[in-house]
Amino acid sequence: MKIKNAVLTDGKKVEINVEEGKFTCVREQCPQQGEVLDAQERLVIPPFFNMHFHLDSAFIGGENESGTLWEGIEKWREMKQKTTEEDVEKRASTTLKLMLSQGTLWVRSHVDVTERSLKLLRALMKVKEEFKGLVDVQLTAFPQDGVFTDKGNDEILRKSLDYVDNVGMIPHAEITREDGVRSVEFAFRLARERNMDIDGHVDETDDPNSRFLEAVVKYTREYKWEGRVTAGHVTAMHSWDQNYVRRILPKVAESGVTVVANPLINVMLQGRMDGYPKRRGMAPLKLMKSFGVNVALGQDCIMDPWYPLGSGNMLQPLFMAIHLDQMNWREIRESLSFITYNAARAWRTSYGIEEGKPANLLLTNAEFPEDLLRFMEPPRFVIRGGEVVARDGKEVKIKGKWEEVKRRP
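The structure presented is a predicted model; accordingly, all values stated were derived computationally and were not measured. (Residues numbered from 1 in each chain as written. Predicted model: local features only at pLDDT ≥ 70, side-chain atom pairs only at ≥ 80, totals over all residues. Heavy atoms only, no water.)

Q: Can you walk me through the overall build of the chain in this structure?
A: What the chain contains, in helices and strands, is 13 helices and 17 strands. Computed over its C-alpha atoms, the radius of gyration of the chain comes to 21 Å, within 12% of the 22 Å expected for a compact globule of 409 residues. Overall, the C-alpha framework of the chain stretches about 65 × 50 × 45 Å when taken along its three principal axes. Relative to its 409 residues, the chain shows a buried fraction of 60%. The long-range fraction of contacts in the chain, counting pairs at least 24 apart against all pairs at least 6 apart in sequence, stands at 76%. Carbon and sulfur atoms make up 47% of the accessible area of the chain, which amounts to about 17000 Å² in all. A gap of 1 Å separates the mean positions of the 59 positive and 62 negative side-chain charges of the chain. (Helix = DSSP H or I, 4+ residues; strand = E, 2+ residues; numbered from the N terminus. Rg over C-alpha atoms; globule rule 2.2 N^0.38 Å. Buried < 20%, exposed > 50% of the residue type's maximum accessible area, 1.4 Å probe, protein only. Contact = heavy atoms within 4.5 Å. Areas by Shrake-Rupley, 256 points an atom, 1.4 Å probe, with all protein chains shown as cover. Lys, Arg positive; Asp, Glu negative; His and termini not counted. Charge placed at Lys NZ, Arg CZ, Asp CG, Glu CD.)

Laid out in structure tokens, this is it:
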């Protein structure tokens, strides 16, 4: 394959050659070869990551009258008992096709393993295998109801690690601060036993006294797990004293902990108990970045008990993030890294439009980086390993056959 008239995000005009699934030439001029795609002097960019999502609950619905995180969890506690493996597979498959059509090739999904039969996990294992070679799915064993809140949750978490990629945690859901810290250390012990990365729900609350990120940093250093730990949400950071924030953030950066914000769901769920002024509900991205913290984004939910909307387009949470964090023109252009290069760093994968790297890229309709966010259009072509696997946000190629993308299961 050859791609002509391509423009990179730095404005450089290039031609791109692909052979055997890798970029072999990214220069002003490349040798003529094979099928030719015309980028029409529009941006070509690396594909997107969704670094925090819940495939098991996507499209399950569920009215949340209070709009709070905790009512959502209660609704989910009932719904997860009633759903079937087949239903989970159908909803998750629809979700991944939507994401693929809009340029996301990497999805890290938390799967609730406090559902004791592990039917949610079995279903997502099948879906992960089904999309192998199209969308890379990582599964994180997520103890939704806490590790030490109910007898046996610690053992079911340990058991589930035979089938997943990452160890999860949710320390702010434990009954006491002491149990929360203990659950963080437990996650690190499991990760060391299995040589696995950690991805936890951390400080997803408005409570300024929820400070489990410091425990995550402490054990990252003690267990020498630098670069292998992700803390999702950390919305309590918007309520922390600024002296404390500026003390802890350099240590987060030094330990190589990635913080993944989920702007759409964070702003929907947080600040629900506030009058006015009302907190924005998202960890401060620009501030974290200024201290050298690796920051990435997730979409978290689509049409479930926590969030009634969602389309699978990673430009949506990025669009919300730049508004909540009041980014200027330069910062908007740089923000694309939150769903591309920063996420790839946390995933620890070879990535980018460079010679010798896997030939994964998006041919977009945008002339400039800010146009991606102004219009949030799906890419014209999604290319995976040198092959077109999605077109115009409407079709995806599954097992060699093109099929129309459905917006709901």
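Q: Is there a simple way to think about the sheet that holds strand β2 (residues 13-19) in this case?
A: Adjacent strands of a sheet pair through backbone hydrogen bonds, lying either parallel or antiparallel. Strand order in this open sheet of nine strands is β3-β2-β1-β4-β13-β14-β15-β16-β17, and the pairing throughout is mixed. Bordering the open sheet on either side are β3 (22-27) and β17 (401-404), each of which pairs with just one other strand. Pairwise comparison of adjacent strand axes, ignoring direction, gives a mean angle of 35° for this sheet. Here strand β14 (residues 381-384) pairs with strand β15 (residues 387-391) via four bridges, running antiparallel. Looking across to β15, one finds that R384 is bridged to E387. Packing against the sheet, helix α2 (residues 85-101) makes contact with β14, β15, β16 (395-398) and β17, and its axis sits at approximately 115° to β16. (Pairing = 2+ DSSP bridges. Axes fitted to C-alpha atoms, helices over the stretch in contact; angles between N-to-C directions.)

Q: Could you clarify how one ought to interpret helix α6 (residues 213-222) in this entry?
A: Among all positions of α6, only L213, A215, V216, V217, Y219 and T220 are buried. Of the surrounding secondary structure, the elements contacted by the buried residues of α6 are α5 (177-194), β9 (197-202), β10 (229-233) and α7 (242-255). Remark: K224 follows α6 within two positions and exhibits a positive phi of approximately 55°.

Q: Explain the pairing of strand β11 (residues 258-261) to me, please; I cannot follow it from the model alone.
A: It is a general feature of regular strands that their side chains alternate between the two faces of the sheet. Judged by which residues are buried, β11 turns out to be covered on both faces: T258 and V260 on one side and V259 and A261 on the other are all buried. With three bridges connecting them, β10 and β11 associate as parallel partners. Its bridge partner being in β11, G232 is matched across the sheet by V260. This β-α-β element, β10 to α7 to β11, shows right-handed connectivity. (Right-handed = clockwise from strand over helix to strand, strands pointing away.)

Q: I keep staring at the layout of surface pockets and nothing clicks. Help me out?
A: Roughly 380 Å³ of internal volume is contained in the largest pocket. In terms of lining residues, the largest pocket is bounded by 16 residues, among which L98, Q102, S311, G393 and R407 are the most central. Split by residue class, the lining of the largest pocket holds seven nonpolar, six polar and three charged. Approximately 250 Å³ is the volume found for the second largest pocket. Along the walls of the second largest pocket sit 15 residues, with T9, D10, P46, L336 and Y341 positioned nearest its centre. The set of elements that each furnish at least two residues to the lining of the second largest pocket consists of β4 (36-45) and α11 (329-334). Taken together, the residues that form the lining of the second largest pocket break down as eight nonpolar, three polar and four charged. (1 Å grid on protein atoms, 1.4 Å probe; cavity = no way out; pocket = protein on both sides within 12 Å on 5 of 7 lines; lining within 4 Å. Points joined across faces, edges and corners; volume = space filled by probe spheres on them. Nonpolar A, V, L, I, M, F, W, Y, C, P; charged D, E, K, R; others polar.)

Q: Would you explain the packing of α6 against α7 in this entry?
A: Packed helix pairs are characterised by how far apart their axes lie and by the angle those axes make with each other. Viewed as axis vectors pointing N to C, α6 and α7 meet at an angle of 35°, and their least axial separation amounts to 10 Å. With respect to the hand of their crossing, α6 and α7 are arranged in left-handed fashion. Contacts between α6 and α7 involve L213, E214, V217, T220 and R221 from the first element and Y244, R247, I248, K251, V252, E254 and S255 from the second. Residues belonging to the contact of α6 with α7 are distributed by class as follows: five nonpolar, two polar and five charged. (Left-handed = near helix turned anticlockwise from the far one by under 90°.)

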